[in-house]
Amino acid sequence: MNLHALKLFYETAARGGVTKAAEALHISQPAVTAQIRNLEQELGLVLLASQGRGVQLTEAGELLYGYAVKLFALEKEMDVRLNDYRSGQLGKLRIAATYLPANYVLPVIMAAYKQQYEHVDLILTTANSQSVYHKLLHYEAELAFIGGSKEAPIGIVREELMEDELWFIVPSGHKLANANVELKDMMKEPFILREEGSSTRDKLFALCKLHNVEPPKVGLQFNGLGETIRAVISGYGAIFVSAIEVSEHVRQGTVARAHVQEVQLTNPIALYSRAGEELSPAARTFASFMKQRMPFLLKP
């Protein structure tokens, strides 16, 4: 069936005449009439009967018009939904992130984003940096947010969003609490470390290698930061973490900083995506939204 001719028939029936349909569609009246005649010949049915200046639908015309109403209503809905998708108002966005951005940055951003883009489904997966890279490269995520790394594997592009300090943290009653200490003495303490593949763990061992200091003894190993901090609060071990993750506990006095001399490291948070690929509209709007909100989120 010629859908253009069907559209002209629909407009004619809906508006009650060929003249009104031609005016609304900005085409000539003879062109509308010719298209409807061709449609009738194609179907082998008479669809319109003349009635003074207007038209009257035949029984076949009534039947076809009923379906045309549904068809072109669906077309309008399709246009609206595609426009919503094109503008980033509709879609599904899979995000992978390491612990720091997933717990201290993204929840506030995602909540604010959903208030403005309620029809975009956001799915967040938390993993270590190596797993996040894997998910991005294997199309299990479209955007990734990683804390700690300054590099990007082949096939991935990186855009830094912010930098946070890295702190050595000990129990509040520890002998090194709020004290100035050399790195070699700090490394004599038992450390609570994240799993292998964690960027802060890698950075700590790289720091020891750079300063020719023996790495610390691994007293405990946890996959999550929450249990790591709770162990320190309970009085055991030292940790090396981003200031964002632990600053509230330091303010409350449940843990304390150990100020390691001549060591000033930062922990970047960056946005990652696949190189050479255009982001989906939802991913573009989310990335833009996050960059706009980050300065306000990180104000003290």
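Conventions used here
- Residues numbered from 1 in each chain as written.
- Predicted model: local features only at pLDDT ≥ 70, side-chain atom pairs only at ≥ 80, totals over all residues.
- Heavy atoms only, no water.
- Helix = DSSP H or I, 4+ residues; strand = E, 2+ residues; numbered from the N terminus.
- Rg over C-alpha atoms; globule rule 2.2 N^0.38 Å.
- Buried < 20%, exposed > 50% of the residue type's maximum accessible area, 1.4 Å probe, protein only.
- Areas by Shrake-Rupley, 256 points an atom, 1.4 Å probe, with all protein chains shown as cover.
- Lys, Arg positive; Asp, Glu negative; His and termini not counted.
- Charge placed at Lys NZ, Arg CZ, Asp CG, Glu CD.
- Arc of directions from axis to C-beta.
- Axes fitted to C-alpha atoms, helices over the stretch in contact; angles between N-to-C directions.
- Parallel < 35°, antiparallel > 145°, perpendicular 65-115°, else oblique.
- Left-handed = near helix turned anticlockwise from the far one by under 90°.
- Contact = heavy atoms within 4.5 Å.
- Nonpolar A, V, L, I, M, F, W, Y, C, P; charged D, E, K, R; others polar.
- Pairing = 2+ DSSP bridges.
- Salt bridge = Lys/Arg side-chain N within 4 Å of Asp/Glu carboxyl O.
- Polar contact = N/O pair within 3.5 Å; in protein donor to acceptor, adjacent residues only side chain to side chain.

Chemist: Would you mind going over the overall build of the protein chain with me for this structure?
Modeler: Within the protein chain one finds 12 helices and 12 strands. The C-alpha atoms of the protein chain give a radius of gyration of 32 Å, which is well past the 19 Å a tight globule of 300 residues would have. Judged by the C-alpha coordinates and their principal axes, the protein chain covers about 100 × 40 × 25 Å. In the protein chain, which comprises 300 residues, the proportion classed as buried is 45%. Here the protein chain has roughly 16300 Å² of accessible surface; of this, 51% comes from carbon and sulfur atoms. Averaging the coordinates of the 31 positive side-chain charges in the protein chain and doing the same for the 33 negative ones gives two points 2 Å apart.

Chemist: Can you walk me through helix α6 (residues 106-116) in this structure?
Modeler: One turn of the α-helix equals 3.6 residues, which is why residues spaced by three or four share an orientation. The set of residues buried in α6 consists of Leu106, Ile109, Met110, Ala112 and Tyr113. Projected onto a plane normal to the axis of α6, the buried residues spread over an arc of 165° and lie on a single side.

Chemist: Sorry, what's going on with the packing of helix α2 (residues 18-25) against helix α3 (residues 29-43) here?
Modeler: Helix-helix packing is described using two parameters, namely the angle between the two axes and the distance between the axes. As a packed pair, α2 and α3 sit with axes 8 Å apart at the nearest point and diverge in direction by 110°. With respect to their mutual orientation, α2 and α3 come out roughly perpendicular. Here the hand of the crossing between α2 and α3 comes out right-handed. Where α2 approaches α3, its residues Val18, Thr19 and Ala22 are matched on the opposing element by Gln29, Val32 and Thr33. Across the contact of α2 with α3, the residue classes break down as three nonpolar, three polar and no charged.

Chemist: Teacher, can you tell me more about the pairing of strand β3 (residues 91-97) here?
Modeler: Regular strands show a simple pattern: their side chains alternate between the two faces of the sheet. A large share of β3 lies buried, amounting to five of its seven residues. Where β3 lies against strand β4 (residues 120-126), seven bridges are found, and the strand directions are parallel. Directly across from Lys92, in β4, lies its bridge partner Asp121. For β3 and strand β5 (residues 143-147), the ladder comprises three bridges, and the chain directions are parallel. Pairing of Ile95 across the sheet is with Leu143, part of β5.

Chemist: What exactly am I supposed to notice about the pattern of salt bridges here?
Modeler: Side chains that carry opposite charge are capable of pairing whenever their charged atoms lie near each other. Per the counting criterion, the structure on display carries 14 salt bridges. Linking Lys175 and Glu189 is a salt bridge whose minimum nitrogen-to-oxygen distance equals 3.8 Å. On the criterion of sequence distance, the pair formed by Lys175 in the loop between β6 (156-171) and β7 (180-181) and Glu189 in the loop between α8 (183-186) and β8 (191-193) is long-range, its members being 14 residues apart. Judged by its relative accessible area of 67%, Lys175 is exposed. The closest approach of N and O atoms between Glu248 and Arg251, which form a salt bridge, is 2.6 Å. Here the residue Glu248 and the residue Arg251 both occupy positions in helix α11 (residues 243-252), the gap between them amounting to three residues, near one helical turn. Since its relative accessible area comes to 41%, Glu248 is described here as partly exposed. Judged by its relative accessible area of 60%, Arg251 falls in the exposed class. Salt bridges sharing partners connect three or more residues here, namely Lys7, Glu11, Arg15 and Glu75.

Chemist: Any chance you could explain the environment of Thr200 here in plain terms?
Modeler: By the secondary structure assignment, Thr200 is in helix α9 (residues 199-210). Note on Thr200: relative accessible area 14%, which makes it buried. Spatially, the C-alpha atoms of Thr200 and Ser280 are 31 Å apart, while their sequence positions differ by 80 residues. With near-sequence residues (within four places) excluded, Thr200 lies in contact with Leu166, Phe240 and Asn267.

Chemist: What am I meant to see in the side chain of Thr285 here?
Modeler: Note that Thr285 resides in helix α12 (residues 281-297). A residue is classified by how much of its surface remains accessible, and Thr285, at 16% relative accessible area, is buried. Polar side-chain contacts of Thr285 include one of 2.9 Å to the backbone oxygen of Ala282. Not counting chain neighbours up to four residues away, the residues in contact with Thr285 comprise Ser87, Gly88, Tyr113 and Tyr117.

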